[in-house]
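Now for the letters of each chain:
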Amino acid sequence: MRQQRINRVVQEEIGGVTSYFQYVGQAWEKLTTNPVVTARTFLQNHVTDNLKSKNTKDIKLPDYVEVLSGGVNLVKNLATASSVRDYDYYVTIYRAQIKEGASETLAHNLALEELSKHIEGKGSHAWIENGVYDTAFLKLNILYGGE
């Protein structure tokens, strides 16, 4: 549940579909999954699940809105998959800074700097560059008390 909540908070910070694709545009090239293969796999799985149904008369193929919606959700999940690992790395630095006497604000900023160095060159670095991790991790600190 914690992992799902972290992903959800990060995704909420990314915002609606329009602003989401603005962020993803910067990170997409660095993601390892080919978007065409991802979309094809999504469609194949959907059709296969329907064909496994006992009553093949009731097979309903998705309309384009359902396909796009599923694709957006799939891309969103792929693009934020590392956010749990990134938050855990951040929290380790954050706690160490608090233990050494840093204020919460300073500890947060130092932890983000260290995380930025740690994930440089990876797709999730876009979330630091656009301030998504900044606000999402502050919210998560409130939620989990920096743990």
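Residues numbered from 1 in each chain as written. Predicted model: local features only at pLDDT ≥ 70, side-chain atom pairs only at ≥ 80, totals over all residues. Heavy atoms only, no water.

(A) Inspection of the overall build of the chain at higher detail. Check the secondary structure of the chain and you find eight helices and zero strands. Each helix and strand of the chain, ordered N terminal to C terminal, gives the series α-α-α-α-α-α-α-α. Every one of the 147 residues in the chain was classed for burial, and the buried ones make up 35%. Taken as a whole, the chain presents about 9,300 Å² of accessible surface, with 54% of it coming from carbon and sulfur. (Helix = DSSP H or I, 4+ residues; strand = E, 2+ residues; numbered from the N terminus. Buried < 20%, exposed > 50% of the residue type's maximum accessible area, 1.4 Å probe, protein only. Areas by Shrake-Rupley, 256 points an atom, 1.4 Å probe, with all protein chains shown as cover.)

(B) Just helix H1 (residues 2-14), in detail. The end-to-end C-alpha distance of H1 is 19 Å, a good match for the 18 Å that 13 residues give at a rise of 1.5 Å each. Residues of H1 that are buried include every one of Ile6, Asn7, Val9, Val10, Gln11, Glu13 and Ile14, and no others. (Expected span 1.5 Å × (residues − 1).)

(C) Up close: the layout of surface pockets. Of the pockets and cavities examined, the largest pocket occupies roughly 210 Å³. Lining the largest pocket are 14 residues, with Ser82, Arg85, Asp86, Lys122 and Ser124 sitting closest to its centre. Counting only elements with at least two residues in the lining of the largest pocket, the list comes to helix H4 (64-79), helix H5 (83-99) and helix H6 (104-119). Counted by class, the lining of the largest pocket contains seven nonpolar, four polar and three charged residues. (1 Å grid on protein atoms, 1.4 Å probe; cavity = no way out; pocket = protein on both sides within 12 Å on 5 of 7 lines; lining within 4 Å. Points joined across faces, edges and corners; volume = space filled by probe spheres on them. Nonpolar A, V, L, I, M, F, W, Y, C, P; charged D, E, K, R; others polar.)

(D) Structural view of the nonpolar core. Judged by nonpolar contacts, the single largest core of 24 residues is most densely connected at Val10, Tyr87, Tyr90, Leu115, Tyr133 and Phe137. Take this core: its biggest share by element is six residues, from H5. Here leucine 115 is in contact with Asp86, Tyr89, Tyr90, Ile128, Tyr133 and Phe137, once residues within four sequence places are set aside. (Core = buried A, V, L, I, M, F, W, Y, C linked by side-chain atoms within 4.5 Å. Contact = heavy atoms within 4.5 Å.)

(E) How the structure looks around H5. The end-to-end C-alpha distance of H5, which contains 17 residues, comes to 24 Å, matching closely the 24 Å that a straight helix rising 1.5 Å per residue would cover. All of the buried residues in H5 are Ser83, Val84, Asp86, Tyr87, Tyr90, Val91, Ile93, Tyr94 and Gln97. Positive phi shows up at glycine 101, right after H5, with a value of about 100 degrees.

(F) Highlighting the pattern of salt bridges. Applying the stated criterion to the full structure yields three salt bridges. Glutamate 13 serves as the salt-bridge partner of lysine 139, at 2.4 Å between the closest nitrogen and oxygen. You can see lysine 139 sitting in helix H8 (residues 132-144) and its partner glutamate 13 sitting in helix H1, a full 126 residues away along the chain. (Salt bridge = Lys/Arg side-chain N within 4 Å of Asp/Glu carboxyl O.)

(G) Focus on the side chain of serine 83. Relative to the helices and strands, serine 83 resides in helix H5. The contacts of serine 83, once residues within four sequence positions are left out, are Ile6, Asn7, Val10, Tyr133 and Phe137.

(H) Fine view of the packing of aromatic side chains. Under the counting rule described, the total for this entry stands at five aromatic pairs. Measuring from centroid to centroid gives 5.0 Å for tyrosine 87 and phenylalanine 137, while their planes differ by 65 degrees, and the two rings are edge-to-face. One end of the pair, tyrosine 87, is in helix H5; the other, phenylalanine 137, is in helix H8, and 50 residues separate them in sequence. Classification of phenylalanine 137 by relative accessible area gives buried; the value is 0%. Seen in terms of ring centroids, tyrosine 133 and phenylalanine 137 are 4.4 Å apart; in terms of plane orientation they differ by 20 degrees. Their pairing is stacked. Of this pair, tyrosine 133 and phenylalanine 137 are both found in helix H8, four residues apart, which corresponds to roughly one turn of the helix. In this pair, the class of tyrosine 133 matches that of phenylalanine 137, namely buried. (Phe/Tyr/Trp six-rings, centres within 6.5 Å; stacked < 30°, edge-to-face > 60°.)

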